[in-house]
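Chain and residue survey
In case you want the letters, here they are:
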Amino acid sequence: SFGQANGRMDVYGGIADYSGSLVLELLISESTHVSVQPTDDDLIKVVSIRQQQGQQEHQDGFDMQLASIVGRSYKEVCEYFSKQEQHRWASYVIGVFVVLMHEKGIQFTRGAKILIQSCVPEGKGVSSSAALEVATMRAVCAAYDALVEQAELATLCQLVEHRVANAPCGIMDQATVVHGRTNKLFALECQPAIQKGYIDIPHHKIKFWGIDSGVRHSVSAGSSYADVRTAAFMGLAIIAASKSHDAKEEYLANITPSEYTSRHRDDLPENMLGSEFLKTYGETSDPITTVDPNKIYAVRQCTEHPIYENYRAKLFSSLVEYISWKQDDEDTTARHSLGELMYQSHVSYSKCGLGSPETDRLVELVRKEAAAQEQQSVLYGARITGGGSGGTVVVLGRSDEVGEEAIHHIAKTYFSETGHDPYIFSMDC
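The model shown is predicted, which means the values in this text are computed figures rather than measured ones. (Residues numbered from 1 in each chain as written. Predicted model: local features only at pLDDT ≥ 70, side-chain atom pairs only at ≥ 80, totals over all residues. Heavy atoms only, no water.)

**Considerations on the overall build of the protein**
The number of helices and strands found in the protein is 12 helices and 13 strands. Here the C-alpha atoms of the protein give a radius of gyration of 22 Å, agreeing with the 22 Å that 2.2 N^0.38 yields for 429 residues. In terms of overall dimensions, the protein has a C-alpha envelope of 65 × 55 × 40 Å along the principal axes. Across the 429 residues in the protein, those meeting the buried criterion constitute 57%. The contacts of the protein with a sequence gap of at least 6 include a subset with a gap of at least 24, amounting to 73%. With an accessible surface of roughly 17,900 Å², the protein has 47% of that area assigned to carbon and sulfur atoms. Side chains of the protein carry 38 positive and 56 negative charges; the gap between the two charge centres is 2 Å. (Helix = DSSP H or I, 4+ residues; strand = E, 2+ residues; numbered from the N terminus. Rg over C-alpha atoms; globule rule 2.2 N^0.38 Å. Buried < 20%, exposed > 50% of the residue type's maximum accessible area, 1.4 Å probe, protein only. Contact = heavy atoms within 4.5 Å. Areas by Shrake-Rupley, 256 points an atom, 1.4 Å probe, with all protein chains shown as cover. Lys, Arg positive; Asp, Glu negative; His and termini not counted. Charge placed at Lys NZ, Arg CZ, Asp CG, Glu CD.)

Right under this line is the structure:
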């Protein structure tokens, strides 16, 4: 039995997903394929072959007795993999069995041979983990005749990430990998996962590329991403306690920028020690992260980010639709407005502590290239993607040979400066 899933490029929204924001996502051409063959013993034998540009790059293997996970709690399995740094990747595969046992009551009595073939690069912020979870879930369900509705597939895969791999991600990645369509922006309002539809990209006018910075991205517990998420939920708790509770403020994204500025901003400390927060407010409403009493959290900026990002994402969505509708190809005002929204998002990521010198440099190279070819209006904007702290920068530009040449010129310049030859992602699936 087989399962397949593409990676995704976060065009807009990113880390604001856990705060209920609108996010805009694209499938990339790179994909993961998983085959599952049930066996007569109780051994789960996993072989993973990672490929890049059609060439085998790395092969790894992992074996685990089915008896080692049957009857085990999420916490026990999570703790096991937390000690298996070399084989942590296998938690995304074994976690599928664990989640199906706990959430769907499936009784696995036979082991399996599992072969993974993936060309979705790891650590580049393009949802290699979500692609692996979804492809594995599809293959395991087919192999063992397990009935899982399409509507719950993304949620189950997110549980693999939360409860077994111990990565506090939002629903954005899994939902996009499950429901995304080729060459269309997938609009998802993460409250918790309301599909808002698909937005046609005017491919005769604009195109998105992804340029890999070479800095490995991570959203695991203990990462900067986890601290930013924790700080955002601390801010939500402080806002909720500052006035009578408003049901809509279950999500920060439901607060408009003007409401935030006039009613809430002054109530938020710029920074706050975890122990001080716990003493005053107790734990946050986030079931995935915990407040470390010994850490200082950038509460105000991490709270502001999803409020403004949600507003920008809605504007971004409307502008893409407007460009599709507008007949005048010579007027590039809306395209440059899209670019400015991308630059604003990038700056906000950095203020949260999720930037990196390498991704900043890529964005700066886009700015320079755009300025150098201002008369031709070739490139419009760029931003760091996904969970930030490295990974990939998404770039918006003209969808012609001149745009392609500009992207490759940036990649060449980056290579000459850093020694890293960046992988360029195409969203032409």
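**Brief notes about the packing of helix H2 (residues 91–104) against helix H4 (residues 150–164)**
Following both chains from N to C, one finds H2 and H4 inclined at 115°, their axes separated by 8 Å at the closest point. By the angle between their directions, the pair H2 and H4 is classed as roughly perpendicular. Taken as a pair, H2 and H4 cross one another with a handedness that is right-handed. Contacts from Ser91, Tyr92, Gly95, Val96, Val98, Val99, Glu103 and Lys104 of H2 reach H4 at Glu152, Leu156, Leu159, Val160, Glu161 and Val164. Class assignment for the residues of the contact of H2 with H4 results in 8 nonpolar, 2 polar and 4 charged. (Axes fitted to C-alpha atoms, helices over the stretch in contact; angles between N-to-C directions. Parallel < 35°, antiparallel > 145°, perpendicular 65-115°, else oblique. Left-handed = near helix turned anticlockwise from the far one by under 90°. Nonpolar A, V, L, I, M, F, W, Y, C, P; charged D, E, K, R; others polar.)

**Regarding the state of the cysteines**
All chains considered together, the criterion is met by 0 disulfides. Cys352 takes part in no disulfide bond, and the closest cysteine sulfur, belonging to Cys302, lies 4.3 Å away. Taking relative accessible area as the criterion, Cys352 reaches 7% and is therefore assigned buried. (Disulfide = S-S within 2.5 Å.)

**Focus: the pairing of strand E6 (residues 184–189)**
Most of E6 is tucked away: 5 of the 6 residues are buried. With 4 bridges joining them, strand E2 (residues 22–38) and E6 adopt antiparallel strand pairing. Residue Val23 lies in a different strand from E6, and its bridge partner there is Leu188. Two strands pair when backbone bridges link them, and E6 and strand E7 (residues 194–200) are joined in this way by 6 bridges, in the antiparallel orientation. Counted as the bridge partner of Lys184 is Asp200 from E7. Where E6 folds back onto E7 in an antiparallel hairpin, the turn is made up of 4 residues. (Pairing = 2+ DSSP bridges.)

**Quick word on the pattern of salt bridges**
Note that side chains of opposite charge can pair when their charged atoms are close. A complete count under the given rule lists 18 salt bridges for this structure. A salt bridge links Arg263 to Glu259; the shortest N-O distance between them is 3.9 Å. Here Glu259 and Arg263 lie together in helix H7 (residues 257–264), a separation of 4 residues that amounts to about one turn. What emerges from the salt-bridge pattern is a single network uniting Asp10, Glu309, Arg312 and Arg383. (Salt bridge = Lys/Arg side-chain N within 4 Å of Asp/Glu carboxyl O.)

**A word on the packing of aromatic side chains**
Enumeration according to the criterion identifies 14 aromatic pairs in this entry. Between Tyr80 and Phe81, the ring centres sit 5.1 Å apart and the planes meet at 80°, which makes this aromatic pair edge-to-face. A cation over a ring is seen here: Arg367 above Tyr343, with NZ or CZ 3.7 Å from the ring centre. (Phe/Tyr/Trp six-rings, centres within 6.5 Å; stacked < 30°, edge-to-face > 60°. Lys NZ or Arg CZ within 6 Å of the ring centre and 35° of its normal.)

**Remarks on the sheet that holds strand E12 (residues 392–398)**
Pairing is antiparallel in the open sheet, where 4 strands are placed in the order E11-E12-E8-E13. Of all strands in the sheet, those bounded by a partner on one side alone are strand E11 (379–384) and strand E13 (424–426). Between one strand axis and the next, the sheet turns by 25° as a mean value, whatever way the strands run. Where helix H10 (residues 333–352) meets the sheet, it contacts strand E8 (206–212), E11 and E12, and its direction lies at approximately 25° from that of E11.

**Let's talk about helix H12 (residues 401–418)**
Between the first and last C-alpha of H12 there are 26 Å, a value that for 18 residues agrees with the 26 Å anticipated at 1.5 Å per step. The set of residues buried in H12 consists of Gly403, Ala406, Ile407, Ile410, Ala411 and Tyr414. Projected onto a plane normal to the axis of H12, the buried residues spread over an arc of 135° and lie on a single side. Exposed residues pointing more than 90 degrees away from the buried face of H12 are listed as Glu401, Glu405, Lys412 and Ser416. (Expected span 1.5 Å × (residues − 1). Arc of directions from axis to C-beta.)

**A look at helix H11 (residues 357–372)**
With 16 residues, H11 should cover 22 Å at 1.5 Å per step; its first-to-last C-alpha distance of 22 Å lies within 8% of that length. Where H11 is concerned, the buried positions are Thr359, Leu362, Val363, Leu365, Val366, Glu369 and Ala370. For H11, the angular spread of buried residues about the axis comes to 150°, placing them on one side. Those residues of H11 that are exposed and aimed more than 90 degrees away from the buried face are Pro357, Ala371 and Ala372. Where H11 is buried, its residues touch E8, H10, E11, E12 and H12.

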